[in-house]
Amino acid sequence: MARIELTVDGAKVSDDVEPRMLLVQYLREKVGKTGTVIGCDTSNCGACTVHLDGQSVKSCNVLAVQADGGEVTTIEGLAQDGELHPMQAAFHECHALQCGFCTPGMIMQAVDLLKENPDPSEEEVRLGIEGNLCRCTGYHNIVKAVRTAAGSGGGAA
Ligand code: FES
Ligand code: FES
């Protein structure tokens with residue numbers, strides 16, 4: 001077992017974990033952050049995406065011990081003071097989900113994308129979320145939501 005200490009959605013957490021435990025398992029099973037989901041076992045789908053020290057990562061691709069000392073934000077830490085994050089609001093407004101399974105990871109990836117590129121073109125959005133799979137929507141409304149959140153007028157179409 002290894003002792004880890006990190007911050008998850010603004011709260012300090014500390015636990016003994018197996019060195020082989022994945023960050024996504026740690027978040028779900030030890031911290032109770034079940035908003036972060038597991039959609040595959042091949043590091044393909046991106047449903048498990050969170051931010052680690054300000055960068056999006058697939059949390060099934062990171063060991064919990066690798067996050068030791070770090071700061072993790074999950075989908076559950078995005079809303080502030082009861083207000084949805086603008087990306088969450090845009091997904092809602094643009095109906096950018098059906099079953100919602102991919103949505104937590106998609107939103108976390110999209111927030112990171114806009115940090116890098118505050119006004120992405122449609123193509124740049126599609127490239128930016130290429131590591132996140134949605135089995136339902138065909139991506140049209142997801143792209144629209146990301147561009148709406150960016151305030152680029154992409155939601156107007
Ligand atoms: S669960 Fe992490 S990429 Fe699919
Ligand atoms: S909304 Fe169902 S997988 Fe994306």
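Residues numbered from 1 in each chain as written. Chains lettered and ligands numbered in written order. Predicted model: local features only at pLDDT ≥ 70, side-chain atom pairs only at ≥ 80, totals over all residues.

Let's talk about the overall build of the chain
Link 1 in the chain: When its secondary structure is counted, the chain shows five helices and five strands.
Link 2 in the chain: Taken over C-alpha atoms, the radius of gyration comes to 15 Å for the chain, in line with the 15 Å a tight globule of 157 residues would show.
Link 3 in the chain: For the chain, the C-alpha atoms occupy an extent of roughly 55 × 35 × 25 Å along the three principal directions.
Link 4 in the chain: Burial status across the chain gives 42% buried among its 157 residues.
Link 5 in the chain: A fraction of 57% describes how many contacts in the chain between residues 6 or more apart in sequence connect residues 24 or more apart. (Helix = DSSP H or I, 4+ residues; strand = E, 2+ residues; numbered from the N terminus. Rg over C-alpha atoms; globule rule 2.2 N^0.38 Å. Buried ≥ 20, exposed ≤ 12 C-beta atoms within 10 Å, placed from the backbone. Contact = placed C-beta atoms within 7 Å.)

Considerations on the nonpolar core
Link 1 in the chain: In terms of nonpolar packing, the biggest core is built from 43 residues, with Ile 107, Ala 110, Ile 142, Ala 145 and Val 146 touching the most fellow members.
Link 2 in the chain: Broken down by secondary-structure element, the contributors of at least two residues to this core are strand S1 (2-8), helix H1 (23-30), helix H2 (86-93), helix H3 (103-116) and helix H5 (140-149).
Link 3 in the chain: A per-element tally of this core places H3 first, with seven residues.
Link 4 in the chain: Each of domain 1 (2-77) and domain 2 (86-149) gives at least three residues to this core.
Link 5 in the chain: Beyond its immediate chain neighbours, meaning those up to four positions away, Ala 110 contacts Met 87, Ile 129 and Val 146. (Core = buried A, V, L, I, M, F, W, Y, C linked by C-beta atoms within 7 Å. Domains from an automatic or database assignment.)

As for the domain arrangement of the chain
Link 1 in the chain: When its domains are assigned, the chain resolves into domain 1 (2-77) and domain 2 (86-149).
Link 2 in the chain: Computed over C-alpha atoms, the centres of domain 1 and domain 2 are 21 Å apart.
Link 3 in the chain: Opposite the 15 residues of domain 1 that make contact, domain 2 presents 11 residues.
Link 4 in the chain: Breaking the side of domain 1 that touches domain 2 down by element, the ones donating at least two residues are strand S3 (49-52) and strand S4 (55-58).
Link 5 in the chain: Residue contributions to the side of domain 1 that touches domain 2 peak at three residues, all from S3.
Link 6 in the chain: Taken together, the residues of the side of domain 1 that touches domain 2 sort by class into six nonpolar, nine polar and no charged. (Nonpolar A, V, L, I, M, F, W, Y, C, P; charged D, E, K, R; others polar.)

Quick word on the sheet that holds S1
Link 1 in the chain: Spatial strand order, S2-S1-S5-S3-S4: five strands in an open sheet with mixed pairing. The outermost strands of the open sheet, each flanked by one partner alone, are strand S2 (11-17) and S4. Ignoring which end each strand starts from, the neighbouring axes of this sheet average 40° apart.
Link 2 in the chain: In this sheet, S4 lies alongside S3 in antiparallel orientation, the contact comprising four bridges. Within S4, the position partnered with Thr 49 by the bridge is Lys 58. (Pairing = 2+ DSSP bridges. Axes fitted to C-alpha atoms, helices over the stretch in contact; angles between N-to-C directions.)

Some words on the confidence of the model for the chain
In regions of low pLDDT, the predicted coordinates are not meant to be interpreted in detail.
Link 1 in the chain: Per-residue confidence for the chain gives a mean pLDDT of 95, with 96% of residues at or over 70.
Link 2 in the chain: Counting interchain partners and residues more than four positions distant, the pLDDT-below-50 stretch residues 153-157 has 11 contacts. (pLDDT = per-residue confidence, 0-100.)

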